[in-house]
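The primary structure of each chain is shown beneath.
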Amino acid sequence: KVQYNGEIIDLTSIPQMMQFSVPTNKMLKSSETYTIPSTSHAGVAMVVQNQSGKLAPLNDAKFIGVRFFSNQVIFPKGIRLGMGLPEIAHKDTGLLGTPNYCLGSPLIGTGYEAVTLVYIDSASGDRISLTIGAEDRFISSILYEFEQYE
């Protein structure tokens, strides 16, 4: 659950709460993911994945997560877009501590490439990925994926 626009919502209910325009002619390879922006809520996108073993239409893909680009969401522990890197990832005082792993350049904020801090909940298998822009030192997007590491 997260707070979105001042209201507590269950992330699994996003496809029912918001509208998404799903392209009808898009095909996905096996295990391919696709991000579908919301047409009713700016800064929110649904992430789906083809979990069949073959090429399949996008509308048959499974809903596996949500990406937020707008600052209208607050995750547990107060995690939100715009927070600085030390607030989240400092080993001793960060809200989430040291990430399970990172993607991207180790030269954070130098303009080379974006960096993603990845945290995995060992109990649920859920994964949260916090992206920091190439020239930034703050969170610019949050991706929450369900049961990726069960």
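Scroll up for the structure.
Everything numeric here is computed off the predicted structure, so don't read it as measured data.

The rules behind these values
Think of each chain on its own: its residues are numbered from 1, step by step along the sequence as written. Restriction of local features to residues with pLDDT of at least 70 applies here, the model being predicted, together with a cutoff of 80 or more for giving and counting side-chain atom pairs; totals for whole chains, interfaces and linings are based on all residues. Just so you know, side-chain values use all the structure's heavy atoms and leave hydrogens and water out. Nonpolar cores were defined as sets of buried Ala, Val, Leu, Ile, Met, Phe, Trp, Tyr and Cys residues, with membership established by side-chain atoms within 4.5 Å. We call a residue buried when its accessible area falls under 20% of the maximum for its residue type, exposed when it is over 50%, and partly exposed in between, using a 1.4 Å probe and counting protein chains only. Strands here mean DSSP runs of E at least two residues long; helices mean DSSP runs of H or I at least four residues long; both are numbered from the N terminus. We call two residues in contact when some of their heavy atoms are within 4.5 Å. Between any two strands, at least two bridges found by DSSP are needed for them to pair. Any pair of N or O atoms that falls within 3.5 Å is considered a polar contact. Within protein, one atom must be able to donate a hydrogen and the other to accept it, and sequence-neighbouring residues count only if both atoms are side-chain atoms. Only four residue types enter the tally: Lys and Arg on the positive side, Asp and Glu on the negative side, with His and both chain ends excluded. When a carboxyl oxygen of Asp or Glu is within 4 Å of a side-chain nitrogen of Lys or Arg, the pair counts as a salt bridge.

Draft legend 1. Structural detail: the nonpolar core. With 35 residues, the main nonpolar core has Leu11, Ile14, Phe68, Phe75, Leu130 and Ile142 as its most contacted residues. Those elements giving two or more residues to this core turn out to be strand S1 (2-4), strand S5 (44-49), strand S7 (62-68), helix H2 (85-89), strand S10 (115-120), strand S11 (127-132) and strand S12 (139-145). Not counting chain neighbours up to four residues away, the residues in contact with Leu130 comprise Ile79, Ile88, Leu96, Val115, Thr116, Leu117, Tyr119, Ile139, Ser141 and Ile142.

Draft legend 2. Structural detail: the sheet that holds strand S8 (residues 73-74). One open sheet accounts for three strands, arranged S2-S1-S8; its pairing is antiparallel. Every other strand in the sheet has two partners, leaving strand S2 (7-9) and S8 as the edge strands with one partner each. The sheet contact formed by S1 and S8 spans two bridges and is antiparallel. Along S8, the bridge assignment pairs Tyr4 with Val73.

Draft legend 3. Here's a closer look at the side chain of Gln49. Within the secondary structure, Gln49 sits in strand S5. On the accessibility criterion, Gln49 (14% relative accessible area) is buried. Polar contacts involving the side chain of Gln49 include one to the side chain of Gln51, which spans 3.0 Å. Setting aside chain neighbours within four positions, we find Gln49 in contact with Ser31, Glu32, Thr33, Ala61, Lys62 and Ile64.

Draft legend 4. Local environment of the pairing of S12. Among the seven residues that make up S12, six are buried, leaving the element largely enclosed by the rest of the structure. Inspection of the sheet shows S7 paired to S12 by four bridges, in the antiparallel sense. Bridging across to S12, Gly65 finds its partner in Glu145. Here S11 folds back onto S12, and the loop between the two strands holds six residues.

Draft legend 5. Summary view of the environment of Ser13. Here Ser13 is to be found in the loop between S2 and helix H1 (14-17). Since its relative accessible area comes to 21%, Ser13 is described here as partly exposed. Put simply, Ser13 and Ser40 are 27 residues apart on the chain and 15 Å apart in space, counted from C-alpha to C-alpha.

Draft legend 6. Layout of the side chain of Asp126. Position of Asp126 relative to the elements: it lies in the loop between S10 and S11. This buried residue, Asp126, is left without a salt bridge; Arg127 holds the nearest opposite charge, at 9.3 Å. There is a polar contact of 2.6 Å between the side chain of Asp126 and the side chain of Tyr144. A distance of 2.7 Å separates a polar side-chain atom of Asp126 from the backbone nitrogen of Glu147. Apart from residues no more than four positions distant in its own chain, Asp126 is found in contact with Tyr119, Ile120, Asp121, Tyr144, Glu145, Phe146 and Glu147.

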